[in-house]
Structure formats: structure tokens, C-alpha cells
Amino acid sequence: IEAKNLITLTALDNLQDNITLDFAGLTTDSVFVNGKKETFTQSSDQLNIEISENFSDGDSVHIGVYYHGRPAKGIYFRTNSYGDTVIYSHNEPYDARYWIPCKDDPSDKALLDFTIKIPEKYIPLSNGVVMEDVVSADGSRTIHWRESLPIATYLISVAAAPYTVVDYEYFWEQSQMPLLYYVYPPDRDLAEKGLLSSQKILDFFSSYIGVYPFLNEKYAMSAVPFREAAAMENQTATTMRDNLIDNEGVIAHELAHQWWGDALTPQSFDHIWLNEGFASYFDAMFTENEYGDEAFAKQMAAYKSYIFQDGSSAYPILYPPAEYLFGRAVY
């Protein structure tokens, strides 16, 4: 990838001598601070910018980082079952830094503009709403999204493939929003089924929890050949493993995260059980609402059995050991 990241931050204390960003594995070409080119050093997972101007508490600082390379994590180029290359990101918990210089911490959300330039045959998806979509004479497509609500770095997403986009409209009271599925063309029927489930789940969660937090933007899913997870609740743009496209339980779990995890985010991954516990329970709550008490009891019994299968139940769900950060007890 070749990329630039333009960051606007507010100093919360006096900034002198340097600013440090989380950044791992890629080559930094140049760095600018408030328009002035600055010197920098890189370690294995940080970019240290030497600043020639001091900033006081409350000052706005504009950083531009230009970089390139082949990410070791965070963004992947994999082949799907139809032989196509699929590009997708997966940042949770701390892998955004492998392709984006950032403050890679869930406690510090930001607003996001994301632009990708990619060969025209690829249809990409990212967070928020499309601001511009331009196909150029050189055979490339450039799409700009804007996420206008605060987003944590682990939820920044891109997915791209020779997708077909299945496009529904979701209605809630006097509002409507796009409800989308980016899938491989042969999987269109599965996407239709998945979107019908999504409508029911959105209705239930919106009535039971509160209005969908990103109703002014969209809810979309994309199918990818995931190896890192079954699915990932990227804000407004969930990524689904491509053999789970129409799995109602997974869809419900990831949709619940739009409230629990995305709109409302823990300050630390030590509290990840708040994300995953709520998402699991509201999946079960949807099951109860849709299929009755017996189905709910069966699902809760399955959770009870599941929790003891990997050893994570021997530890607290709060501040779990690193190897059990996403252990079954947390879910």
C-alpha cells in the first residue's frame, strides 16, 4: 500500500520536543507538522516525530504522515473460494497500527475521512457514508467515505473485492437508511436472506435498546475469507466470514455490537467482556423474541457449556490474561 494519514489533534498538555504515534512495520517517507517537514525515528511499533514548535494545552496540531509498504497485520489480501483476491482489514485489538499511524487506543475516538484508490473492478466498503465515487480513465476507482460519529481505531475498516452490492432500505419510524450487503456475485441469495434477518434484528434492538446509533449513515456487511475471526463489528460496516453470510446468530451478535462496543466503547480492552457479553446476550434476547422461551433457554444452556471449553473460565472476565483476552468466558 501507499498511503498518507492526516491527523488533527488537540493538545491536552504542553507538547515539547516530540509526538509519538503507534505505527508498526511500514516505511515512513515523510512527516509534516502544521505544514512544516519534521525529522522522525521509527521503532518496531512507534513513530517518534521530532517537533520544532512547542504546543500548549488546547492547541490544534495537524500531522501528515506519508508512508508505504506491505502490512504484516491489520489489512489482508486473501483469495476467496471463487479465485478472486479479497482485501479486508481486521484491527482488533491493536492491529490498526500495522497500516495506519495513529493513537491505537479505544479510549481516544476520532472522526474519520477515509479515501481508497483501487482498481476499478474492486467494489470497496468502509465506515460511514460515501462522499465521492470517481472512476478514472486509468482504470482506477477512488471512493471517499466520512464517518461523522466518533470511531475507535480498532473499528476502522475497509473491505474490497469484485463484489455485487445487495441494496435494501431500512425504515424506522420517520427515518430510513441504506441496509447493504457486499458479497461475491454467486452468493446474492444468501445476502438477501441475511438482510431479511438484519431487518428483524434492527427492529427488535431499536425497540428494546434504543434507536440504531448510526441511523443517519448506514448498516452494511461484507463477505471476506476471514481467518482471524468469524466476523467483526466494524462501525456501520461489519465484516462477515464468507461461509457465515446468512447466519442469523452471527448477524445478531455483530449488530448488537453497534450499540455495545461501537457507539458505547470501553476505555480499555481489559473491559472487553462489556462488548462481548452484551453482544452474546442480546443475540439470545433476539432468539427469545423471535422463537420463544424454549429457544432462549436452549441458547443460554449452550453458552453455559461453551464457557468451560478453553480454560478461560479459570480467570476473571475483567482484566483477563492476554491469552484469554478473547476467551470464551469473555463472550
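Residues numbered from 1 in each chain as written. Predicted model: local features only at pLDDT ≥ 70, side-chain atom pairs only at ≥ 80, totals over all residues. Heavy atoms only, no water.

Novice: Help me understand unusual backbone geometry, please; the structure alone is not making it clear to me.
Specialist: Across the chain, the bulk of peptide bonds are trans and the bulk of non-glycine residues have phi less than zero. Cis peptide bonds are those with omega within 30 degrees of zero, and the linkage from Glu92 to Pro93 qualifies with 0 degrees. Tracing the chain through its elements places Pro93 in the loop between strand 9 (85-89) and strand 10 (110-119). Non-glycine residue Tyr319 carries a positive phi angle of around 55 degrees. Checked against the element boundaries, Tyr319 lands in the segment after helix 4 (293-306). (Helix = DSSP H or I, 4+ residues; strand = E, 2+ residues; numbered from the N terminus.)

Novice: Is there a simple way to explain the layout of surface pockets in this structure?
Specialist: Empty space among the atoms becomes visible once a probe the size of a water molecule is rolled across them. Counted as a void, the largest pocket has a volume near 1,500 Å³. Looking at the largest pocket, it is lined by 44 residues, and the ones nearest its centre are Asn5, Leu6, Ile7, Ile100 and Pro101. Put simply, the parts of the chain that give the lining of the largest pocket at least two residues each are strand 1 (2-10), strand 2 (18-22), strand 8 (75-79), strand 10 and strand 13 (140-151). Here the residues of the lining of the largest pocket sort into 28 nonpolar, 7 polar and 9 charged. Taken as a whole, the second largest pocket encloses approximately 550 Å³ of empty space. Along the walls of the second largest pocket sit 23 residues, with Ala230, Ala231, His253, Glu254 and Tyr331 positioned nearest its centre. Elements supplying a minimum of two residues to the lining of the second largest pocket: strand 18 (231-232), helix 2 (248-259), helix 3 (272-291) and helix 4. Per-element tally for the lining of the second largest pocket: the top contributor is helix 2, with 5 residues. (1 Å grid on protein atoms, 1.4 Å probe; cavity = no way out; pocket = protein on both sides within 12 Å on 5 of 7 lines; lining within 4 Å. Points joined across faces, edges and corners; volume = space filled by probe spheres on them. Nonpolar A, V, L, I, M, F, W, Y, C, P; charged D, E, K, R; others polar.)

Novice: Could you clarify how one ought to interpret the pattern of salt bridges in this entry?
Specialist: Side chains bearing opposite charge may pair, as long as their charged atoms lie close to each other. Following the criterion strictly, the structure yields 11 salt bridges and no others. The partner of Lys117 in a salt bridge is Asp138, and the shortest N-O contact between them spans 3.7 Å. You can see Lys117 sitting in strand 10 and its partner Asp138 sitting in the loop between strand 12 (129-135) and strand 13, a full 21 residues away along the chain. In this pair, the class of Lys117 matches that of Asp138, namely exposed. In this structure, Lys193 and Asp246 form a salt bridge, with 3.4 Å as the shortest nitrogen-oxygen distance. Of this pair, Lys193 sits in helix 1 (residues 188-208) while Asp246 sits in the loop between strand 19 (237-241) and helix 2; the two residues are 53 residues apart in sequence, bridging distant segments of the chain. One network of salt bridges, with partners in common, ties together Asp22, Arg97 and Asp104. (Salt bridge = Lys/Arg side-chain N within 4 Å of Asp/Glu carboxyl O. Buried < 20%, exposed > 50% of the residue type's maximum accessible area, 1.4 Å probe, protein only.)

Novice: Teacher, can you tell me more about the nonpolar core here?
Specialist: Generally speaking, soluble globular proteins have nonpolar side chains that are buried together. In terms of nonpolar packing, the biggest core is built from 77 residues, with Phe114, Tyr163, Tyr181, Leu202, Phe205, Tyr212 and Leu255 touching the most fellow members. Contacts of Tyr163, omitting those with residues within four sequence positions, involve Val86, Ile123, Tyr182, Val183, Tyr184, Ser222, Ala223 and Val224. Formed by 15 residues, the second largest nonpolar core is a distinct cluster that contains Leu21, Phe23, Val31 and Val61. (Core = buried A, V, L, I, M, F, W, Y, C linked by side-chain atoms within 4.5 Å. Contact = heavy atoms within 4.5 Å.)

Novice: In this structure, what is going on with the sheet that holds strand 4 (residues 36-38)? I would like to understand it.
Specialist: What holds strands together in a sheet is hydrogen bonding between their backbones, with the strands either parallel or antiparallel. Sheet architecture is open: 4 strands sit in the order 1-7-3-4, paired in antiparallel fashion. Across the chains shown, the open sheet's two edge strands, defined by having one partner strand only, are strand 1 and strand 4. Sheet twist, expressed as the mean angle between neighbouring strand axes with direction ignored, is 25 degrees. Note: strand 3 (residues 27-33) against strand 7 (residues 60-68), 6 bridges, orientation antiparallel. Residue Val31 lies in a different strand from strand 7, and its bridge partner there is Val65. (Pairing = 2+ DSSP bridges. Axes fitted to C-alpha atoms, helices over the stretch in contact; angles between N-to-C directions.)

Novice: Teacher, can you tell me more about the sheet that holds strand 6 (residues 46-50) here?
Specialist: Pairing is antiparallel in the open sheet, where 3 strands are placed in the order 2-6-5. Every interior strand has two partners, whereas the edge strands, strand 2 and strand 5 (40-42), have only one. The sheet shows a mean angle of 15 degrees between the axes of neighbouring strands, taken without regard to direction. Taken together, the 5 bridges between strand 2 and strand 6 define a ladder with antiparallel strand orientation. When the sheet's bridge partners are listed, Leu21 is paired in strand 6 with Leu47.

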